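Chain by chain, the residues:
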Amino acid sequence: MKVLKIDHLGIAVKSIDEGKKFWTDVLGLEFEGSETVESQKVTTAFFPVGESEVELLESTAPDGPIAKYLEKKGEGIQHVAFRVENIEAALSELKEKGVRLIDEKPRVGAGGAKIAFLHPKATHGVLVELCEK
Ligand code: ZN
C-alpha cells in the first residue's frame, strides 16, 4: 500500500462555531466551510494547512461517535487521517496482515472521499483513518 501524506487531523469539539475561532482568529487559517455527514452523525469543518488540513468534528446527535468521544475524553485529537493511493487495496493488504479494522469496506466521508477506520487496538491507541480522494 502507498501512503501519500497525512491528509488531516480530526479534532472533536463541542461546537464548530466556538472551536473554529482558535484556528481562524488566532492561527489565521482559512475556514473552508462545513458539511454534515448524516450517516456518521457529524458535522465537519476543514481548515487547510499546507499539504494537510485540520478537521473539526461536531456531533449532530447525542448517540453519535463524536458525542461519545467527547463524553469519554473531552475535546481533542480524535483521529489521524492518512491519504492512500488505493483504499480498497490498502484495506485488503491490512486484512491480510491481520490488522483489526473498524471498516472492512470504505464508506463515503466529507467531500465525497472514500474513508475507512482502523481499530485503535491495532495501532497503539490511535484511531487511524485512511482516505482516498
Ligand atoms: Zn477525518
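Residues numbered from 1 in each chain as written. Predicted model: local features only at pLDDT ≥ 70, side-chain atom pairs only at ≥ 80, totals over all residues. Heavy atoms only, no water.

**Q** Where do I start with the pattern of salt bridges in this structure?
**A** Close approach of charged atoms allows side chains with opposite charge to pair. Considering all chains together, one arrives at nine salt bridges under this definition. Residue Lys133 pairs with Glu53 through a salt bridge whose shortest N-O separation is 4.0 Å. Of this pair, Lys133 sits in the segment after β8 (128–132) while Glu53 sits in strand β4 (residues 52–59), and the two are 80 residues apart along the sequence. Of the residues examined, Lys133 reaches a relative accessible area of 51% and is grouped as exposed. Lys95 is the partner of Glu104 in a salt bridge, and the nearest nitrogen-oxygen pair spans 3.0 Å. (Salt bridge = Lys/Arg side-chain N within 4 Å of Asp/Glu carboxyl O. Helix = DSSP H or I, 4+ residues; strand = E, 2+ residues; numbered from the N terminus. Buried < 20%, exposed > 50% of the residue type's maximum accessible area, 1.4 Å probe, protein only.)

**Q** I'm lost on the sheet that holds strand β3 (residues 42–49) in this one. Help?
**A** In sheet architecture, strand pairing relies on hydrogen bonds along the backbone and comes in two forms, parallel and antiparallel. Pairing is mixed across the open sheet formed by eight strands, whose spatial order is β2-β3-β4-β1-β5-β8-β7-β6. Only two strands of the sheet have a single partner each, and these edge strands are β2 (34–37) and β6 (107–108). Summarising the sheet, strand β5 (residues 76–84) and β8 pair through four bridges and their orientation is parallel. If you follow Phe82 over to β8, its bridge partner there is Leu130. (Pairing = 2+ DSSP bridges.)

**Q** So what exactly am I meant to see when it comes to the coordination of the zinc ion here?
**A** Each pair of donors in an ideal octahedron of six around a metal sits at 90 or 180 degrees, and each pair in an ideal tetrahedron of four sits at 109.5 degrees. Donor atoms from the polypeptide that bind the zinc ion are His8 (NE2), Glu55 (OE), His79 (NE2) and Glu129 (OE), placed at 2.1 to 2.3 Å. In this structure, the zinc ion is coordinated by four donor atoms arranged in irregular fashion, with angles at the metal of 82 to 169°. Here the donor residues of the zinc ion share one chain and are spaced in sequence as H-x46-E-x23-H-x49-E. Of the two residues, His79 is situated in strand β5 and Glu129 in strand β8; the sequence distance between them amounts to 50 residues. In terms of burial, His79 and Glu129 fall into one category: buried. (Donors = N, O, S within 2.8 Å, 3.2 Å for Na, K, Ca; no water. Tetrahedral: all angles 85-135°; square planar, octahedral: opposite > 155°, others 65-115°.)

**Q** What exactly am I supposed to notice about the nonpolar core here?
**A** The nonpolar side chains of a soluble globular protein tend to be buried with one another. Within the largest apolar cluster, 10 residues are counted, these being Val84, Ile87, Ala90, Leu91, Leu94, Leu101, Ala116, Leu118, Val128 and Leu130. When residues of this core are traced back to their parent elements, those giving at least two are α3 (87–96), β7 (114–118) and β8. Among all residues touching Leu91, those that are not within four sequence positions of it are Leu101, Asp103, Glu104, Lys105, Pro106, Ala116 and Leu130. (Core = buried A, V, L, I, M, F, W, Y, C linked by side-chain atoms within 4.5 Å. Contact = heavy atoms within 4.5 Å.)

**Q** Help me understand helix α1 (residues 16–26) in this model?
**A** The α-helix winds at 3.6 residues per turn, so residues separated by three or four positions along the chain end up facing the same way. Every buried residue of α1 is accounted for by Ile16, Gly19, Trp23 and Thr24. Looking straight down α1, one finds that the buried residues subtend no more than 125° of arc, so they occupy a single side. Residues Asp17, Glu18, Asp25 and Val26 are exposed on α1 and point more than 90 degrees away from its buried face. Each element contacted by the buried residues of α1 is listed here: β1 (3–12), β3 and β4. Capping the start of α1 is the job of one residue whose side-chain oxygen sits 3.3 Å from the backbone nitrogen of Asp17: Ser15. Backbone geometry just after α1 places Gly28 at a positive phi near 75°. (Arc of directions from axis to C-beta. Polar contact = N/O pair within 3.5 Å; in protein donor to acceptor, adjacent residues only side chain to side chain.)

These figures capture arrangement, not role.
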